[in-house]
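Each chain, written out:
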Amino acid sequence: MGQKPPAKEKRTIAEIQFELVAKNPYKYTSDDILFMVFADRNDLTKTEYKEARELFFSKGQACLRTSPLAKRYGFGIHFDGNAKIAIYGVGTLEYEKYIADEKLKKIKAVRSKR
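So, here is what we can say about the structure in this document. Owing to the predicted nature of the structure, the values given are computational and were not obtained by experimental measurement. Within each chain, residues carry numbers counting from 1 in the order of the written sequence. Only residues with pLDDT of at least 70 get local features here, since the model is predicted, and only at 80 or more are side-chain atom pairs given and counted; chain-wide, interface and lining totals rely on the full set of residues. No hydrogens and no water enter the side-chain calculation; it runs on all heavy atoms of the structure.

**A few points about the pairing of strand β2 (residues 85-89)**
Inference 1: For every residue, the accessible area obtained with a 1.4 Å probe (protein chains only) is divided by the maximum for its type, and the residue is called buried under 20%, exposed over 50%, and partly exposed between those limits. The way it works is that DSSP assigns letters per residue, a run of H or I at least four long becomes a helix, a run of E at least two long becomes a strand, and they are numbered from the N terminus. In terms of residue burial, β2 counts as a mostly covered element, since five of its five residues are buried.
Inference 2: Here β2 shows two buried faces, one formed by I85, I87 and G89 and the other by A86 and Y88.
Inference 3: DSSP-based pairing: two strands are paired if at least 2 bridges between them are found. As paired strands, strand β1 (residues 75-79) and β2 are joined by five bridges and run antiparallel to one another. Its bridge partner lying in β2, G76 is registered against Y88.
Inference 4: The loop that links β1 with its antiparallel partner β2 comprises five residues; one of these, A83, has a positive phi angle of about 65°.

**With respect to the packing of aromatic side chains**
Inference 1: Pairing of aromatic rings covers Phe, Tyr and Trp, the last through its six-membered ring, and needs centres within 6.5 Å; plane angles under 30 degrees mean stacked, over 60 mean edge-to-face, and all others mean tilted. As enumerated under the stated definition, the model contains seven aromatic pairs in all.
Inference 2: With a centroid separation of 6.1 Å and an interplanar angle of 40°, the aromatic rings of F35 and F38 are classed as tilted. Of this pair, F35 and F38 both sit in helix α2 (residues 30-41), three residues apart, roughly one helical turn.
Inference 3: You can call F38 partly exposed: its relative accessible area is 28%.
Inference 4: Residues Y88 and Y98 carry aromatic rings whose centres are separated by 5.3 Å and whose planes lie at 50° to one another, so their mutual orientation is tilted. Taken as a pair, Y88 in strand β2 and Y98 in helix α5 (residues 93-100) lie far apart in primary sequence, ten residues in all.

**Some thoughts on the pattern of salt bridges**
Inference 1: The salt bridge criterion pairs a side-chain nitrogen of Lys or Arg with a carboxyl oxygen of Asp or Glu, the two atoms within 4 Å. Throughout the structure, instances matching the rule amount to three salt bridges.
Inference 2: The partner of R11 in a salt bridge is D40, and the shortest N-O contact between them spans 3.5 Å. Placement of the pair is R11 in the segment before α1 (13-23) and D40 in helix α2, with a sequence separation of 29 residues.
Inference 3: Judged by its relative accessible area of 28%, R11 is partly exposed.

**Remarks on the side chain of S30**
Inference 1: Among the structural elements, S30 can be located in helix α2.
Inference 2: Here a residue-residue contact requires only that any non-hydrogen atoms of the pair lie within 4.5 Å. Aside from chain neighbours lying at most four places away, what touches S30 is L64, F79, A83 and I85.

**A look at the packing of α1 against α2**
Inference 1: Packing of α1 against α2 leaves a shortest axis separation of 10 Å and a crossing angle of 125°. Taken together, α1 and α2 sit at an angle that is classed as oblique. Along this stretch, α1 crosses α2, giving a crossing that reads as right-handed. For the pair formed by α1 and α2, the contact residues are I13, I16, Q17, L20 and V21 on the first element and I33, L34, M36, V37, D40 and R41 on the second. The axes are straight lines fitted to the C-alpha atoms, using for helices just the contacting stretch, and the angles between their N-to-C directions are given from 0 to 180°. Any angle that is under 35 degrees is reported as roughly parallel, and any over 145 degrees as roughly antiparallel; angles of 65 to 115 degrees are reported as roughly perpendicular and all others as oblique. Throughout, a crossing is termed right-handed when the near helix is turned clockwise from the far one, and left-handed when it is turned anticlockwise from it by less than a right angle.

**Things to note about the environment of R41**
Inference 1: Assignment of secondary structure puts R41 in helix α2.
Inference 2: The sequence separation of R41 and I13 amounts to 28 residues, and the corresponding C-alpha distance is 8.3 Å.
Inference 3: Beyond its immediate chain neighbours, meaning those up to four positions away, R41 contacts K10, R11, T12, I13 and I16.
Inference 4: A distance of 3.0 Å separates a polar atom in the side chain of R41 from the backbone oxygen of R11. Two N or O atoms count as a polar contact when they lie within 3.5 Å, although within protein this holds only if one can serve as hydrogen donor and the other as acceptor, and sequence-adjacent residues are included solely when both atoms are side-chain atoms.

Laid out in C-alpha coordinates, this is it:
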(Lines give C-alpha, C1' and ligand atoms only; values in the text may rest on other atoms or scores of the structure.)
Protein backbone atom coordinates (compact mmCIF):
# COMPACT_ATOMS: atom_id res chain seq x y z
CA MET A 1 0.00 0.00 0.00
CA GLY A 2 1.09 3.56 -0.57
CA GLN A 3 2.20 5.30 2.58
CA LYS A 4 2.99 8.93 3.20
CA PRO A 5 6.72 9.50 3.75
CA PRO A 6 7.44 10.27 7.40
CA ALA A 7 8.19 13.84 8.41
CA LYS A 8 11.77 14.49 9.42
CA GLU A 9 13.59 17.50 10.78
CA LYS A 10 15.18 18.16 7.38
CA ARG A 11 12.56 17.49 4.73
CA THR A 12 13.41 14.50 2.56
CA ILE A 13 13.10 14.24 -1.21
CA ALA A 14 10.18 11.84 -0.78
CA GLU A 15 8.43 14.18 1.62
CA ILE A 16 8.76 17.18 -0.72
CA GLN A 17 7.67 15.18 -3.78
CA PHE A 18 4.69 13.73 -1.93
CA GLU A 19 3.57 17.13 -0.70
CA LEU A 20 3.82 18.70 -4.17
CA VAL A 21 2.11 15.92 -6.12
CA ALA A 22 -0.51 14.71 -3.63
CA LYS A 23 -1.82 18.24 -3.04
CA ASN A 24 -1.64 19.20 -6.73
CA PRO A 25 -2.51 16.21 -8.93
CA TYR A 26 -1.95 16.84 -12.64
CA LYS A 27 -0.61 20.35 -12.01
CA TYR A 28 3.13 19.73 -12.45
CA THR A 29 5.34 17.85 -14.90
CA SER A 30 8.07 15.53 -13.66
CA ASP A 31 10.66 18.21 -14.55
CA ASP A 32 8.75 20.73 -12.43
CA ILE A 33 8.81 18.35 -9.47
CA LEU A 34 12.50 17.54 -9.84
CA PHE A 35 13.41 21.22 -10.00
CA MET A 36 11.16 22.25 -7.12
CA VAL A 37 12.77 19.61 -4.90
CA PHE A 38 16.19 20.96 -5.89
CA ALA A 39 15.06 24.54 -5.23
CA ASP A 40 13.57 23.66 -1.84
CA ARG A 41 16.63 21.76 -0.68
CA ASN A 42 18.94 24.59 -1.82
CA ASP A 43 16.81 27.42 -0.38
CA LEU A 44 16.41 29.20 -3.72
CA THR A 45 14.19 32.24 -3.97
CA LYS A 46 11.61 32.64 -6.74
CA THR A 47 13.80 35.27 -8.40
CA GLU A 48 16.60 32.71 -8.74
CA TYR A 49 14.39 30.05 -10.33
CA LYS A 50 14.81 30.85 -14.03
CA GLU A 51 18.61 30.86 -14.06
CA ALA A 52 18.86 27.97 -11.60
CA ARG A 53 16.44 25.87 -13.65
CA GLU A 54 18.48 26.33 -16.81
CA LEU A 55 21.64 25.35 -14.96
CA PHE A 56 19.91 22.41 -13.24
CA PHE A 57 18.71 20.90 -16.52
CA SER A 58 21.97 21.62 -18.37
CA LYS A 59 23.19 18.40 -16.73
CA GLY A 60 21.45 15.04 -16.96
CA GLN A 61 18.85 14.40 -14.26
CA ALA A 62 17.34 11.16 -13.01
CA CYS A 63 13.67 10.72 -13.89
CA LEU A 64 10.85 10.04 -11.44
CA ARG A 65 11.38 6.30 -11.93
CA THR A 66 14.08 6.76 -9.30
CA SER A 67 11.72 8.55 -6.92
CA PRO A 68 11.46 7.12 -3.42
CA LEU A 69 7.67 7.47 -3.79
CA ALA A 70 7.71 4.67 -6.37
CA LYS A 71 10.65 2.70 -5.00
CA ARG A 72 10.04 2.79 -1.25
CA TYR A 73 6.64 4.23 -0.36
CA GLY A 74 4.34 2.27 -2.70
CA PHE A 75 3.04 4.82 -5.17
CA GLY A 76 2.41 4.56 -8.87
CA ILE A 77 3.02 7.73 -10.88
CA HIS A 78 0.51 8.50 -13.62
CA PHE A 79 1.21 10.94 -16.46
CA ASP A 80 -1.77 12.49 -18.24
CA GLY A 81 -1.86 13.53 -21.90
CA ASN A 82 -0.12 16.82 -21.04
CA ALA A 83 2.76 15.10 -19.16
CA LYS A 84 1.35 16.31 -15.82
CA ILE A 85 1.60 13.82 -12.97
CA ALA A 86 -0.43 12.40 -10.10
CA ILE A 87 0.36 9.60 -7.66
CA TYR A 88 -1.81 6.68 -6.60
CA GLY A 89 -1.09 4.30 -3.76
CA VAL A 90 -0.71 0.64 -4.63
CA GLY A 91 -3.95 -1.13 -3.80
CA THR A 92 -6.24 1.88 -4.33
CA LEU A 93 -9.10 1.69 -6.82
CA GLU A 94 -7.46 4.29 -9.06
CA TYR A 95 -4.16 2.40 -9.09
CA GLU A 96 -5.89 -0.86 -9.96
CA LYS A 97 -7.86 0.88 -12.72
CA TYR A 98 -4.66 2.13 -14.35
CA ILE A 99 -2.90 -1.23 -13.97
CA ALA A 100 -5.83 -3.01 -15.64
CA ASP A 101 -5.93 -0.54 -18.57
CA GLU A 102 -4.12 -2.36 -21.38
CA LYS A 103 -3.88 0.84 -23.46
CA LEU A 104 -1.56 2.47 -20.93
CA LYS A 105 2.18 1.95 -21.11
CA LYS A 106 3.55 0.78 -17.77
CA ILE A 107 7.18 1.27 -16.76
CA LYS A 108 8.60 -0.08 -13.52
CA ALA A 109 10.49 2.06 -11.05
CA VAL A 110 14.26 1.72 -11.10
CA ARG A 111 15.50 -0.86 -8.61
CA SER A 112 18.07 -0.02 -5.99
CA LYS A 113 21.38 -1.84 -6.32
CA ARG A 114 21.26 -4.29 -3.43
